[in-house]
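# Working through the structure, step by step
Spelled out, the chains give:
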Amino acid sequence: MSKYLTYYKSHYDNAGAVVVYDGVAEEYIDLSDRPDIKQRAEKAINTNTILVTYKRGTRNGFKYIEPNELEDHFGSLKAVVGPSTQPILRRLKALANTKPSNYEVSDLNWRFILRNILRAKNLLIVGPSGCGKTQLVFEAAKALDQPIEYFNLGATQDPRSTLIGNTHYDNNEGTYFSESAFVKAIQIPNNVILLDEISRAHPEAWNILMTVLDEKLRYLRLDEKDNTPLIKVAEGVSFLSTANVGAEYTATRVLDRALKDRFSILEVEPLEFLEEVNVLAGLFEGQLEYDDFKRVANVACKTRAEATSNDPKISTIISTRKTIEWAEMMVDGFTFEEAAKIVVYPLFPDDGDVDSERVFVKQLLQKYSMDDSKLSETLGEIFK
Ligand SMILES: Nc1ncnc2c1ncn2[C@@H]1O[C@H](COP(=O)(O)OP(=O)(O)OP(=O)(O)O)[C@@H](O)[C@H]1O
Ligand SMILES: [Mg+2]
């Protein structure tokens, strides 16, 4: 039997916090009530060693070993604990604690997207523009350490050449077929394939994807090539797609029912006030006042509440993409009002009416266009 009980893999995350992974239990350790492990893990990081525990009398002792020594024990360690029976469950538990530091996502949505990638399921992410759908897929692939490949279906007018390939002519070789990047991508095991903006894609793209996304089939037929070979989708490949669904998105098409049926669906909601403040503070801390984050986030969240109310006076919202742009302009010296005029006004139609969407938003903005002392009072009042 191995002389070590477990080993801890430790590193600093992007925010500089210590992260410790228990190699035998296959889970991350909650360090808030384990200052002893945290301290030892830091030492292991700094000395480039691995922290292990062993049985010392009735208690556990700690020791630092060289990485290559760990490998000698690794096999026997596995034998002691037995093979992990539910690797996906374990990985999900471990990863649930390591949400991205620069991206706001609910625990449930985070677990759901990771799970779908681990299970190689198709996932369609729907929600309004600029609320983080595309970024969510990149964050999830990064957290899982899986390769990702991006295809913007909204931008392609010629789905066949994007998804299948092109036939070319060469004086020496005659006609020949060159496969698309998509054909190559689906043959790489564990690839995360992001089919961005599928709701804007040409229906021909949907037809081509039908067999690829079918759980039972998972193949693509290269009908442009001689003998029309079938390309199998490799093990572990997952397809994630994004869509803006709703009346305000004019260029989007109503997704074909059969295509939609092939996806699990994840609805992403616009962020709430505190989440929005966190995103802005994460990006611009030290460059703007905290009250600035609050008033930008506040106006945005008010539009989000209004647009989804029973009798909405506006038809669209200020997205996180727009709050970031707004704050960026303030960093460059534009005032709150100036930046709002440029970034926010154009989103809301001005038909000259006193009830226009533009007027509604102007009034909303006025509440927050005041000097800092009064603003603090207003913000205080609103969030009592
Ligand atoms: N939850 C979030 N946390 C951090 N940043 C976010 C979040 N949501 C959006 N953003 C930021 O807003 C911008 C837009 O995000 P993204 O492109 O992922 O939106 P989207 O939902 O895909 O929009 P569209 O439907 O227009 O493609 C990015 O800069 C992203 O970093
Ligand atoms: Mg997007």
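Counting 33 residues, the largest nonpolar core has F182, I193, I198, L209, L220, F239 and L259 as the members making the most contacts within it. Broken down by secondary-structure element, the contributors of at least two residues to this core are strand 6 (123-126), helix 7 (181-185), strand 10 (192-196), helix 8 (203-213) and strand 13 (238-243). Excluding anything up to four places from it in sequence, F239 contacts K121, N122, L123, F182, I186, I193, L195, V212, L213, R218, V233 and F263. If you look at the next biggest cluster of nonpolar residues, it comprises 30 residues, including V299, F336, A339 and V344.

What follows is about the site of ligand 1. In the vicinity of ligand 1, 18 residues are found, and the nearest of them are S129, G130, K133, T134 and Q135. In the environment of ligand 1, an oxygen atom lies 2.5 Å from a nitrogen or oxygen atom belonging to the side chain of S129. Protein chains bury 85% of the 630 Å² of accessible surface belonging to ligand 1 in isolation. The site holding ligand 1 turns out to be the largest pocket. At the level of elements, helix 5 (133-144) and helix 12 (320-331) are the ones that each hand at least two residues to the shell around ligand 1. Taken together, the residues that form the shell around ligand 1 break down as six nonpolar, eight polar and four charged.

Among the surface-exposed residues, D350, D351, D353 and D355 lie close enough to one another that they form a single negatively charged patch. With respect to the secondary-structure elements, D350 resides in the loop between helix 13 (336-343) and helix 14 (357-366). The class for D350 is partly exposed, based on a relative accessible area of 44%.

What follows concerns the confidence of the model for the protein. Taken over all residues, the pLDDT of the protein has a mean of 88, while the share at 70 or more is 90%. Looking over the protein, one finds the lowest element-wise mean pLDDT in helix 15 (residues 372-382), namely 60, and the highest in helix 12, namely 98. Per-residue pLDDT stays below 50 along residues 77-85; that stretch engages in 14 contacts with residues further than four places along the chain or on separate chains.

What follows covers helix 4 (residues 107-118). Here helix 4 contains 12 residues, and its C-alpha end-to-end distance of 16 Å stays within 8% of the 16 Å for a straight helix at 1.5 Å per residue. All of the buried residues along helix 4 are N109, W110, I113, L114, N116, I117 and L118. Along its buried surface, helix 4 packs onto helix 3 (87-96), strand 6, helix 5, strand 10, strand 13 and strand 14 (264-267). Within two residues after helix 4, A120 carries a phi angle of roughly 55 degrees, on the positive side.

Criteria and cut-off values
Residues numbered from 1 in each chain as written. Chains lettered and ligands numbered in written order. Predicted model: local features only at pLDDT ≥ 70, side-chain atom pairs only at ≥ 80, totals over all residues. Heavy atoms only, no water. Core = buried A, V, L, I, M, F, W, Y, C linked by side-chain atoms within 4.5 Å. Buried < 20%, exposed > 50% of the residue type's maximum accessible area, 1.4 Å probe, protein only. Helix = DSSP H or I, 4+ residues; strand = E, 2+ residues; numbered from the N terminus. Contact = heavy atoms within 4.5 Å. Near = heavy atom within 4 Å. Polar contact = N/O pair within 3.5 Å; in protein donor to acceptor, adjacent residues only side chain to side chain. Areas by Shrake-Rupley, 256 points an atom, 1.4 Å probe, with all protein chains shown as cover. 1 Å grid on protein atoms, 1.4 Å probe; cavity = no way out; pocket = protein on both sides within 12 Å on 5 of 7 lines; lining within 4 Å. Sits in = over half its atoms within 2 Å of the grid points. Nonpolar A, V, L, I, M, F, W, Y, C, P; charged D, E, K, R; others polar. Patch = residues over 30% accessible without salt bridge, like charges linked within 9 Å, V, L, I, M, F, W, Y side chains within 5 Å. Salt bridge = Lys/Arg side-chain N within 4 Å of Asp/Glu carboxyl O. Lys, Arg positive; Asp, Glu negative; His and termini not counted. Charge placed at Lys NZ, Arg CZ, Asp CG, Glu CD. pLDDT = per-residue confidence, 0-100. Expected span 1.5 Å × (residues − 1).

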